[in-house]
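# Chain and residue survey
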Amino acid sequence: MDRAAVDAWMRGYFAAWISNDPAEVAALFTEDAVYQVGPFAEPWRGRDEIVRQWVSGRQDDIAHRHEVMVVDGDRAAVRWNVRATDPDSGVRTEMDGVLSLMFAPDGRCREHREWFLRREIPAG
């Protein structure tokens, strides 16, 4: 992997976040991928579980950005930021975090680990 390939994967990641389309999510990960949403969270194991967990939630009005910080062989570290609205409550939040990613030779992710903080954005 190189920076351009990781950047392209991240663009696909955010496209899937916005669409919440199971096929778009599945295309990002290997069949045996591991996805961990925090250091103490139980990881989601396998692409089917990742897709099931991912599409179980929904956000609206999503704004995002990312920066590929490091790429070393099949591993990458990426900083990301997302602002989104919960469609049920109308609460707007901002999340800022770091991803540790490991990729398969075909460019799909086989290990996804993230650390992030979330805050509510005051109305007005």
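Now for a quick tour of the structure. (Residues numbered from 1 in each chain as written. Predicted model: local features only at pLDDT ≥ 70, side-chain atom pairs only at ≥ 80, totals over all residues. Heavy atoms only, no water.)

### As for the side chain of T85
The line we're drawing: The helix count covers DSSP runs of H or I at least four residues long, the strand count covers runs of E at least two residues long, and both are numbered beginning at the N terminus. For every residue, the accessible area obtained with a 1.4 Å probe (protein chains only) is divided by the maximum for its type, and the residue is called buried under 20%, exposed over 50%, and partly exposed between those limits. For the purposes of these results, a polar contact is taken to be a pair of N or O atoms within 3.5 Å, where, inside protein, one atom must be able to donate a hydrogen and its partner to accept one; residues adjacent in sequence count only when each atom of the pair is a side-chain atom. The contact criterion used throughout is that any non-hydrogen atoms of two residues lie within 4.5 Å.
Looking at the secondary structure, you find T85 in strand 4 (residues 75-85). The buried category is assigned to T85, whose relative accessible area is 15%. Reaching out from T85, the side chain makes a polar contact with the side chain of R92 at a distance of 3.1 Å. Ignoring anything within four residues of it in the chain, the contact list for T85 reads Q59, D60, D61, G90, V91 and R92.

### Quick notes on helix 3 (residues 47-55)
Stated precisely, the cut-off is as follows: What the arc measures is the spread of directions leading from the helix axis to the C-beta atoms.
All of the buried residues in helix 3 are R47, I50, V51 and W54. Around the axis of helix 3, the buried residues are gathered within 95 degrees of arc, so they sit on the same side. Contacts from the buried residues of helix 3 go to helix 1 (3-19), helix 2 (22-26), strand 1 (29-36) and strand 2 (44-45).

### A look at the packing of aromatic side chains
Formally: In summary, the pairing rule links any two rings of Phe, Tyr or Trp, Trp by its six-membered ring, whose centres are within 6.5 Å, and it sorts them by plane angle into stacked for under 30 degrees, edge-to-face for over 60 and tilted for everything else.
On inspection of all chains with the given rule, the structure shows 13 aromatic pairs. Pairing W9 with F29 gives two aromatic rings, centres 5.9 Å apart and planes at 90 degrees, and the pair type is edge-to-face. Here W9, found in helix 1, pairs with F29, found in strand 1; they are 20 residues apart in sequence, far enough to count as distant. Across the pair, F29 and W9 agree in class, each one buried. With 5.4 Å between their ring centres and 80 degrees between their planes, Y13 and W54 make a pair best called edge-to-face. With Y13 in helix 1 and W54 in helix 3, this pair connects stretches of sequence that are 41 residues apart. For Y13, a relative accessible area of 1% translates into the label buried. Judged by its relative accessible area of 10%, W54 falls in the buried class.

Geometric descriptors of this kind do not, in isolation, establish any biological role.
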